[in-house]
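Coordinate inspection notes
Listed below are the residues making up each chain.
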Amino acid sequence: MTTESFDAVDVIRTKRDGGELSSEQINWIIDAYTRGIVGDEQMAALNMAIFLRGMNRSEIAQWTQAMIDSGETMSFASLSKPTTDKHSTGGVGDKITLPLGPLVSSYGVAVPQLSGRGLGHTGGTLDKLEAIPGWMADVSNERLMEILEDSGAVVAAAGAGLAPADKKLYALRDITSTVDSIPLIASSIMSKKIAEGTSSLVLDVKVGSGAFMKDLDSARELARTMVDLGTDAGVNTRALLTDMNTPLGRCIGNSLEVRESVEVLAGGGPADIIELTCELARNMLELAGIPDADVEEALKDGRAMDSWKKMIRAQGGDPDAPLPVAPHTHDVLAERDGYVTELEALALGVGSWRLGAGRARKEDPVQLSAGIEIHAGLGEKVTKGQKILTLHTETPERFERALESINHGVSIGDEAPAPRTLIHDRII
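Residues numbered from 1 in each chain as written. Predicted model: local features only at pLDDT ≥ 70, side-chain atom pairs only at ≥ 80, totals over all residues. Heavy atoms only, no water.

An unreviewed UniProt entry lists the protein under the name Pyrimidine-nucleoside phosphorylase, with Corynebacterium testudinoris given as the organism. Its UniProt record gives the protein a comment under Sequence similarities (unreviewed entry), which states: "Belongs to the thymidine/pyrimidine-nucleoside phosphorylase family." The record held by UniProt for the protein lists under Subunit (unreviewed entry) the comment "Homodimer." (UniProt positions renumbered as here; feature names shortened; annotations may be inferred.)

Let us look at the nonpolar core. Counting residues in each nonpolar core, the largest one holds 66 residues, and the members touching the most others are Trp308, Leu389 and Leu391. Looking at which element gives the most residues to this core, the answer is helix α12 (residues 271-287), with 8 residues. Other than its neighbours up to four places away in sequence, Trp308 contacts Leu98, Pro102, Leu129, Ile132, Val258, Val262, Leu265 and Pro319. Met55, Ile68, Phe76 and Ile185 belong to the second-largest nonpolar core, a separate cluster that totals 61 residues. (Core = buried A, V, L, I, M, F, W, Y, C linked by side-chain atoms within 4.5 Å. Buried < 20%, exposed > 50% of the residue type's maximum accessible area, 1.4 Å probe, protein only. Helix = DSSP H or I, 4+ residues; strand = E, 2+ residues; numbered from the N terminus. Contact = heavy atoms within 4.5 Å.)

Okay, the packing of aromatic side chains next. Applying the stated criterion across every chain, the model contains 1 aromatic pair. Each ring, one from Phe6 and one from Trp28, has its centre 6.1 Å from the other, and the planes form 55 degrees; the classification is tilted. You can see Phe6 sitting in the segment before α1 (8-16) and its partner Trp28 sitting in helix α2 (residues 23-35), a full 22 residues away along the chain. Relative accessible area serves as the criterion here: at 31%, Phe6 is assigned to the partly exposed category. Look at Trp28 and you get buried, because its relative accessible area is 8%. Its guanidinium or amino end placed over the ring of Tyr33, Lys168 lies 4.4 Å from that ring's centre, counting from NZ or CZ. In this structure, Arg303 packs its charged tip against the face of Tyr107, placed 5.4 Å from the ring centre. (Phe/Tyr/Trp six-rings, centres within 6.5 Å; stacked < 30°, edge-to-face > 60°. Lys NZ or Arg CZ within 6 Å of the ring centre and 35° of its normal.)

With that out of the way, let us pick up the sheet that holds strand β4 (residues 200-207). With respect to topology, 4 strands assemble into an open sheet ordered β1-β4-β5-β13, the strand pairing being mixed. Each edge of the open sheet is held by one strand with a lone partner, namely β1 (84-88) and β13 (423-427). On average, each strand axis in the sheet is tilted by 20 degrees relative to the strand beside it, whichever way the strands run. Where strand β5 (residues 236-243) lies against β13, 4 bridges are found, and the strand directions are antiparallel. Across the sheet, Ala239 pairs through a bridge with Ile427, a residue of β13. Those strands touched by helix α9 (residues 182-196) are β1 and β4, and its axis lies near 165 degrees from that of β1. (Pairing = 2+ DSSP bridges. Axes fitted to C-alpha atoms, helices over the stretch in contact; angles between N-to-C directions.)

The next thing to look at is the pairing of strand β8 (residues 338-343). Direction of pairing for β8 relative to strand β10 (residues 381-382): antiparallel, over a ladder of 2 bridges. When the sheet's bridge partners are listed, Tyr339 is paired in β10 with Lys381. Pairing analysis gives 4 bridges linking β8 to strand β12 (residues 410-413), with the strands arranged antiparallel. By the bridge assignment for β12, Tyr339 is matched with Gly413.

With that out of the way, let us pick up helix α15 (residues 345-357). An α-helical turn contains 3.6 residues, so any two residues separated by three or four positions project in the same direction. When the terminal C-alpha atoms of α15 are compared, their 15 Å separation across 13 residues is substantially less than the 18 Å that a helix rising 1.5 Å per residue should span. Counting buried positions along α15 yields 11 of 13 residues, so the element is predominantly enclosed. Of all the positions in α15, only Ala345, Ala347, Leu348, Gly349, Val350, Gly351, Ser352, Arg354, Leu355, Gly356 and Ala357 are classed as buried. (Expected span 1.5 Å × (residues − 1).)

Counting across every chain of the model gives 30 salt bridges. Here Asp204 makes a salt bridge to Lys206, at a shortest N to O gap of 2.8 Å. Comparing Asp204 with Lys206 shows no difference in burial state: the two are buried. In this structure, the salt-bridge partner of Asp331 is Lys387, at a minimum N-O distance of 3.9 Å. With Asp331 in strand β7 (residues 328-333) and Lys387 in strand β11 (residues 387-393), the pair connects residues that are 56 residues apart, well separated along the chain. (Salt bridge = Lys/Arg side-chain N within 4 Å of Asp/Glu carboxyl O.)

Counted by the stated rule, this structure contains 0 disulfides. Sulfur of Cys251: no disulfide; nearest cysteine sulfur belongs to Cys278 and is 18 Å away. Assessed through its relative accessible area of 3%, Cys251 is described here as buried. (Disulfide = S-S within 2.5 Å.)

Here the focus is the pairing of β11. A large share of β11 lies buried, amounting to 6 of its 7 residues. Pairing of strand β9 (residues 371-374) with β11, which is carried by 4 bridges, proceeds in the antiparallel orientation. Paired with Glu373 across the two strands is Thr390, which belongs to β11.

A few words now on the sheet that holds β10. Here 3 strands make up an open sheet; going across it, the order is β10-β8-β12 and the pairing antiparallel. Looking at which strands have only one partner, the edges of the open sheet turn out to be β10 and β12.

Looking now at the UniProt feature "domain: Pyrimidine nucleoside phosphorylase C-terminal" (unreviewed entry) in the protein. Following the UniProt record, one finds the feature "domain: Pyrimidine nucleoside phosphorylase C-terminal" (unreviewed entry) at residues 339-413. The distance separating the terminal C-alpha atoms of residues 339-413 is 5 Å; by composition the span is 28% helix and 29% strand.

Written out as structure tokens, the structure is:
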């Protein structure tokens, strides 16, 4: 019988009482939890103690490293090109990964984006791309390297071998109300990104009603923590703080967001999607050693679209195939003349989820064609009876519950609201 180095109760007590966990304590408890020596009830208690007491920079860095050490790591050193990646903390209508990867890779930079599926009101990139006929999320490490060398961009499911401790910990945090802890969020995100092996990373930290972080101060703290973790681990890291009070673009839901992304790659699409895609691309390319790139031109001249088609085909998809279309729709009309003063991200995100675009549990299926189209954006003038939204679903009995959420998030007033600030800050 193996004698354990520490006792879980002592580790929990240390943090409960506001003490600093040693590197040895952190390494042991992450490893012991991964091995099943420390039970869920004990790790839940420690998570709550961290939630309430916090962690300092050295504790967070060690917690992150321990989760990295729980599994395998990847390396892209054999590639002939630099690597860069982007991670978003999640939002409503956030389809930026789809046009961004091809845009950046059109400059000869490899973009390995290991992504996840949606849970709750935030959509998952893999769910969106699976709306494309034939596209497959699961790619072997060998095939991933081939695609990066040839096509330049990959969006794939993160392998179970990367930071397995984080996967186990996240599931526990989700059911114990300890998700919204900055040390635990930061270490969860960065353990996977550092283990992934990219040379540089740009973080899109969302702030607002549809995001984890509801206010700028907490978003800034999360961004600063993650940038420090990346820097300490040798990954060139920076973060943008971006607005998530209102959905991004005009579409929420899987196939709808793919359609909108293709519009952006074709040189059109909503202004906010173009602005954020281009700003993130500039930062990624700068970190990869390509400053002053005219990324707007690359969207207009077809280079990014060519990269998109290569990326989709490399994973078995047909970029020219028709996307799924929902058989049932419902229009939301303006009840009066005026200006759209509110399109609240959380309300519309929950509405889209209730239409079938998201999942409540990881094993739930999603409707690829479900979601919401926005016809009148924030600040736009409307007349009574004008179409503001169109709801899409395969199961029309879902409309009623979706509307309960959506109607709380749409307001029309006499005066236009102040223009939206999309990018609040940059943390380097």
